[in-house]
Amino acid sequence: LWTFNVVILGLGFLFIFTAFTTCGNVEQTVVKSLENGTFSGSGYHSLGIIYGVFSFSNLLAPTVVAVIGAKMTMFMSGLLYSGYIAVFIIPSSWAFYLTSVLIGVGAAMLWTAQGHFLVENSEASTINRNTGMFWALLQCSMLFGNLYIYFDWNGRTEISGRVKPESVYCLSSCSETILQLLKAKTILLLSPCMAYSGLELSFYSGVYGTCIGATTQFGEAAKGLIGMSGIVVGIGEIVGGGLFGLLCKNNRFRRTSVVFLGMVVHFVAFYLIFLNLPDDAPVVFSTTTQKKPYLTPSVSIALLCSFLLGLGDSCFNTQLYSILGRVYAEQSTPAFAIFKFIQVIPSCQFSDVVSRAEQSWVEMLSCQV
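Quantities reported herein were computed from a predicted structural model and do not represent experimental measurements.

Quick look at the overall build of the chain
Line of reasoning, step 1. Scanning the chain from N- to C-terminus turns up 14 helices and zero strands.
Line of reasoning, step 2. In the chain, the succession of helices and strands from N to C terminus is α-α-α-α-α-α-α-α-α-α-α-α-α-α.
Line of reasoning, step 3. In the chain, which comprises 369 residues, the proportion classed as buried is 56%.
Line of reasoning, step 4. About 16100 Å² of surface is accessible on the chain, with carbon and sulfur atoms providing 68% of the total.

Structure follows, in structure tokens:
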């Protein structure tokens, strides 16, 4: 029964994030291409709002999960995710930013409830297997939505604006549990890794696809490659989830080796991206880049980097989930709330930095004109 519950959990997240992850991957490209005089939103601003609200909402998430239960919390959060996706049917600035706030709240509730539910349906001997199983199902979401993007957008230079698309705890007591865990040695030691996982998440899910789509040297295939990149990231995530979640045994040496592998893989990926893509790719306001990178941009290298980003991300996340589920089996709700709180703060700051860089680019071009 526990395994069945974990599979259902993974399938539920698969359906939600097929829509949301694909949306986050392409939203800045869509926003730049909208032919709508009433819409002036920015995908980077939206991601900044989401992660900002997400970070602080994690402080209240354990209380909500304790009061209404993990299942109801995930159901209500799923509705908020659906509302955010629906905005792109008929885009408007106010709805875009309002739902960004709401989904930030929903994300905190969703991931805290997910962590609690996963631990609740696992034992010390099965937490690694269940984490890998959940992670592999979740990351299949990177395949399906991005397949649509690849086949529908391939060959386009502009994207039309008509895109179809048990116990009740009081607040004070939950906060006091959270505060105690924040001082725990395990949490403090894992904090840098948690923060880094949020930073690289915001890069591969919101920025890297935009960079590929804006690279002049990829020609008419550039927009379609956004979808293909998302698919390859998903393949990397699934491979990592399977290898490191399902096959690795529960011992410290294996965990350390997996995290170290993730660090090396990401180092290689970021260095290749630095060499392969123009440095103005994340911020160009027009549809293509104007600068040349150190290497002649290669689709093969770009997609290899996508795979490495996904593989490295799975290295960090499967081990973080497994460690927290094993060490804090009796305090899973506040532990996962802290994890998400620490994770999304760098994401919020990174989105803000990219947004400011984009604005500076626009102002520089205006001065030149």
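Remarks on the UniProt feature "transmembrane region" (unreviewed entry) in the chain
Line of reasoning, step 1. The positions UniProt marks with the feature "transmembrane region" (unreviewed entry) are residues 48-68, 80-113, 187-205, 225-246, 258-274 and 294-316.
Line of reasoning, step 2. Secondary structure within residues 80-113 divides into 82% helix and 0% strand; the distance between the first and last C-alpha atoms comes to 15 Å.

Some words on helix α6 (residues 127-139)
Residue pairs three or four apart in sequence face the same way in an α-helix, which turns once every 3.6 residues.
Line of reasoning, step 1. Taking 1.5 Å as the rise per residue, α6 with 13 residues should run 18 Å; its terminal C-alpha atoms sit 18 Å apart, in good agreement.
Line of reasoning, step 2. In terms of burial, α6 is largely enclosed, as eleven of its 13 residues are buried.
Line of reasoning, step 3. Among all positions of α6, only Ile127, Asn128, Asn130, Thr131, Gly132, Met133, Phe134, Trp135, Ala136, Leu138 and Gln139 are buried.

Focus: a nonpolar patch on the surface
Line of reasoning, step 1. On the surface, Val67, Ile68, Met72, Phe75, Met76 and Leu79 cluster together into a nonpolar patch covering about 560 Å² of accessible area.
Line of reasoning, step 2. In terms of residue count, helix α4 (residues 70-86) provides more of the nonpolar patch than any other element does, four residues in total.
Line of reasoning, step 3. Mapping Leu79 onto the fold places it in helix α4.

Some details on the nonpolar core
Line of reasoning, step 1. In this structure, Phe13 and Trp111 are the most contacted members of the largest nonpolar core, which totals 51 residues.
Line of reasoning, step 2. Listed by contribution, the elements that provide at least two residues to this core are α1 (2-33), α2 (43-57), α4, α5 (93-120), α6, α9 (185-206), α13 (299-327) and α14 (332-368).
Line of reasoning, step 3. Among the elements that take part in this core, α5 stands out by supplying eleven residues, more than any other.
Line of reasoning, step 4. Residues contacting Phe13, with those up to four places away along its chain left out, are Met74, Leu110, Trp111, Gln114, Phe134 and Leu138.

Here's the deal with the side chain of Glu200
Line of reasoning, step 1. Inspection of the secondary structure puts Glu200 in helix α9.
Line of reasoning, step 2. Under the relative-accessibility criterion, Glu200 is labelled buried at 2%.
Line of reasoning, step 3. Discounting chain neighbours no more than four positions away, the residues touching Glu200 are His266, Phe270, Asp313 and Asn317.

Some words on the packing of aromatic side chains
Line of reasoning, step 1. Scanning the model with the defined rule gives 15 aromatic pairs in all.
Line of reasoning, step 2. On the numbers, 5.9 Å between centres and 85° between planes, the contact of Phe17 with Phe20 is edge-to-face. Within this pair, Phe17 and its partner Phe20 are both found in helix α1, separated by three residues, close to a single helical turn.
Line of reasoning, step 3. Look at Phe20 and you get buried, because its relative accessible area is 15%.
Line of reasoning, step 4. With centroids separated by 5.9 Å and ring planes inclined at 55°, the aromatic side chains of Phe20 and Tyr84 adopt a geometry described as tilted. With Phe20 in helix α1 and Tyr84 in helix α4, this pair connects stretches of sequence that are 64 residues apart.
Line of reasoning, step 5. Ring-pair connections join several aromatic residues into one group, and the members of that group are Phe13, Phe17, Phe20, Tyr81, Tyr84, Phe96, Tyr97, Trp111 and Phe134.

Remarks on the environment of Phe134
Line of reasoning, step 1. Of note, Phe134 is situated in helix α6.
Line of reasoning, step 2. The exposure class of Phe134 is buried, given its relative accessible area of 1%.
Line of reasoning, step 3. Phe134 sits 125 residues away from Leu9 along the chain, and the two C-alpha atoms are 7.2 Å apart.
Line of reasoning, step 4. Excluding its chain neighbours within four sequence positions, the residues that come into contact with Phe134 are Val6, Leu9, Gly10, Phe13, Trp111, Gln114 and Leu118.

Reading guide: rules and limits
Residues numbered from 1 in each chain as written. Predicted model: local features only at pLDDT ≥ 70, side-chain atom pairs only at ≥ 80, totals over all residues. Heavy atoms only, no water. Helix = DSSP H or I, 4+ residues; strand = E, 2+ residues; numbered from the N terminus. Buried < 20%, exposed > 50% of the residue type's maximum accessible area, 1.4 Å probe, protein only. Areas by Shrake-Rupley, 256 points an atom, 1.4 Å probe, with all protein chains shown as cover. UniProt positions renumbered as here; feature names shortened; annotations may be inferred. Expected span 1.5 Å × (residues − 1). Patch = residues over 30% accessible without salt bridge, like charges linked within 9 Å, V, L, I, M, F, W, Y side chains within 5 Å. Salt bridge = Lys/Arg side-chain N within 4 Å of Asp/Glu carboxyl O. Core = buried A, V, L, I, M, F, W, Y, C linked by side-chain atoms within 4.5 Å. Contact = heavy atoms within 4.5 Å. Phe/Tyr/Trp six-rings, centres within 6.5 Å; stacked < 30°, edge-to-face > 60°.

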